[in-house]
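Secondary and tertiary structure notes
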Amino acid sequence: EVQLVESGGGLVQPGGSLRLSCAASGFTFNNHAMTWVRQAPGKGLEWVSLISGSGGTTYHADSVQGRFTISRDNSKNTLYLQMDRLGAEDTAVYYCAKDGGSVSVKYYYFGMDVWGRGTTVTVSS
Amino acid sequence: DIQMTQSPSSLSASVGDRVTIRCRASQSISSFLNWYQQRPGKAPRVVIYAASKLQTGVPSRFSASGSGTDFTLTIANVQLEDSAVYYCQQSDNSPWTFGQGTKVEV
């Protein structure tokens with residue numbers, strides 16, 4: 001069964017840091033780009049970061065550029081999101097998602113076809 | 001950045017109705033457009049990719065069309081389980097932006 005399981009969320013003070021993890025199983029992890037998407041309480045989806053299958057290429061939304069870093073360990077089938085200098089605006093459910101295409105296909109051509117259940121990050125004093 | 005605008009923001013339908021949701025891109029994105037369904041308390045799931053291709057396992061009452069800047073998602077014979085928020089997402093280039101969502105109540 002193809003599965004993504006996020007962990008690492010919690011309550012953190014403004015200015016603090018947190019590292020999210022996403023454990024993948026059931027598919028060839030390094031064949032697929034991976035993504036973090038977040039959803040603030042009562043709000044819509046916001047694309048946060050993407051990393052290529054090899055890990056050599058990353059993209060971040062302007063709202064997190066310079067504060068968040070996406071990475072992956074293909075030997076552990078795990079995706080990460082290092083979040084620094086957190087602010088109240090980062091409070092959200094964070095989902096990891098798998099790109100439906102393989103490494104030779106345009107990112108998101110097939111959409112994000114597998115999602116985790118999400119992990120909640122709350123930034124508050 | 002490419003802005004994605006959905007309309008309407010919400011709608012109410014009865015079982016068996018035909019529902020149409022629109023998504024407009026601020027610039028041409030060819031057919032690089034995906035649709036996601038998010039039921040309450042659940043993670044999103046892709047229902048349509050590449051503007052008009054039905055994701056495996058999604059009921060055939062879902063269909064979509066469009067290219068360039070204007071896209072539509074249609075649910076024919078809508079069912080109770082189709083109550084959800086639907087999001088479009090452009091897959092043309094970074095940042096891969098979502099629309100604000102359309103809430104469908106059945």
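Refer to the preceding data block for the structure.
The following refers to the structure shown. Predicted model, so just to flag it, every value in this text is computed and none were measured.

**Observations concerning the overall build of chain B**
On a plain count of helices and strands, chain B comes out with zero helices and ten strands. Secondary structure elements in chain B, listed N-terminal to C-terminal, are β-β-β-β-β-β-β-β-β-β. Whereas a compact globule of 106 residues would reach a radius of gyration of roughly 13 Å, chain B reaches 13 Å, a difference of no more than 12%. Judged by the C-alpha coordinates and their principal axes, chain B covers about 35 × 25 × 20 Å. Buried residues in chain B amount to 48% of all 106 residues. Considering only intrachain contacts with a sequence separation of at least 6, the fraction spanning at least 24 residues in chain B is 55%. Looking at chain B as shown, the accessible area adds up to about 4600 Å², and 44% of this sits on carbon and sulfur atoms. Here chain B contributes 9 positive and 7 negative side-chain charges, whose respective centroids are spaced 5 Å apart.

**Looking at the interface of chain B and chain A**
Counting from both sides, the interface comprises 22 residues of chain B and, opposite them, 21 residues of chain A. Roughly 1800 Å² is buried in total at the junction of chain B and chain A, and carbon and sulfur atoms are behind 66% of that figure. Broken down residue by residue, the surface that chain B buries against chain A is led by Pro44(B), Trp96(B) and Phe98(B), which jointly contribute 33%. On the surface where chain B and chain A come into contact, there are one salt bridge. Ionic pairing is found between Asp92(B) and Lys106(A), a salt bridge with its closest N-O pair at 3.7 Å. Linking chain B with chain A are six residue pairs in polar contact (both at pLDDT 80 or more). Listed by contribution, the elements that provide at least two residues to the side of chain B that touches chain A are strand E4 (33-38), strand E5 (45-49) and strand E9 (84-90) of chain B.

**Considerations on the sheet that holds strand E2 (residues 10-12) of chain B**
All names here are of chain B. Taken in spatial order, the six strands of this open sheet run E2-E10-E9-E4-E5-E6, and their pairing is mixed. One side of each edge strand has no neighbouring strand; the edge strands of this open sheet are E2 and strand E6 (53-54). Note: E4 against E9, six bridges, orientation antiparallel. Paired with Gln 37 across the strands is Tyr 86, a residue of E9.

**Digging into the layout of surface pockets**
The gaps of empty space that remain are located by a probe, the size of a water molecule, rolled over the atoms. For the largest pocket, the calculated volume is near 460 Å³. In terms of lining residues, the largest pocket is bounded by 22 residues, among which Val114(A), Trp115(A), Gly116(A), Arg117(A) and Ala43(B) are the most central. Residue assignment for the lining of the largest pocket shows that the elements contributing at least two residues are strand E1 (3-7) and strand E10 (112-115) of chain A together with E5 of chain B. Residue contributions to the lining of the largest pocket peak at four residues, all from E1(A). Considering only residue class, the lining of the largest pocket consists of nine nonpolar, seven polar and six charged. Roughly 360 Å³ of internal volume is contained in the second largest pocket.

**Focus: the nonpolar core**
Generally speaking, nonpolar side chains in soluble globular proteins are found buried as a group. Trp36(A), Leu79(A), Leu81(A), Met83(A) and Tyr94(A) are the most contacted members of the largest nonpolar core, which has 41 residues in total. Residue assignment for this core shows that the elements contributing at least two residues are strand E3 (18-25), strand E4 (34-39), strand E5 (45-51), strand E7 (68-73), strand E8 (78-83), strand E9 (92-99), E10 and strand E11 (119-123) of chain A. Apart from the residues within four sequence positions on either side, Leu79(A) is in contact with Leu20(A), Ser21(A), Cys22(A), Phe29(A), Met34(A), Thr35(A), Trp36(A), Ile51(A), Ile70(A), Ser71(A), Arg72(A) and Cys96(A). Ranked by size, the runner-up nonpolar core spans 25 residues in total, among them Ile2(B), Ile48(B), Ala64(B) and Val104(B).

The rules behind the values
- Residues numbered from 1 in each chain as written.
- Chains lettered and ligands numbered in written order.
- Predicted model: local features only at pLDDT ≥ 70, side-chain atom pairs only at ≥ 80, totals over all residues.
- Heavy atoms only, no water.
- Helix = DSSP H or I, 4+ residues; strand = E, 2+ residues; numbered from the N terminus.
- Rg over C-alpha atoms; globule rule 2.2 N^0.38 Å.
- Buried < 20%, exposed > 50% of the residue type's maximum accessible area, 1.4 Å probe, protein only.
- Contact = heavy atoms within 4.5 Å.
- Areas by Shrake-Rupley, 256 points an atom, 1.4 Å probe, with all protein chains shown as cover.
- Lys, Arg positive; Asp, Glu negative; His and termini not counted.
- Charge placed at Lys NZ, Arg CZ, Asp CG, Glu CD.
- Buried area = accessible area lost by both parts, 1.4 Å probe.
- Salt bridge = Lys/Arg side-chain N within 4 Å of Asp/Glu carboxyl O.
- Polar contact = N/O pair within 3.5 Å; in protein donor to acceptor, adjacent residues only side chain to side chain.
- Pairing = 2+ DSSP bridges.
- 1 Å grid on protein atoms, 1.4 Å probe; cavity = no way out; pocket = protein on both sides within 12 Å on 5 of 7 lines; lining within 4 Å.
- Points joined across faces, edges and corners; volume = space filled by probe spheres on them.
- Nonpolar A, V, L, I, M, F, W, Y, C, P; charged D, E, K, R; others polar.
- Core = buried A, V, L, I, M, F, W, Y, C linked by side-chain atoms within 4.5 Å.

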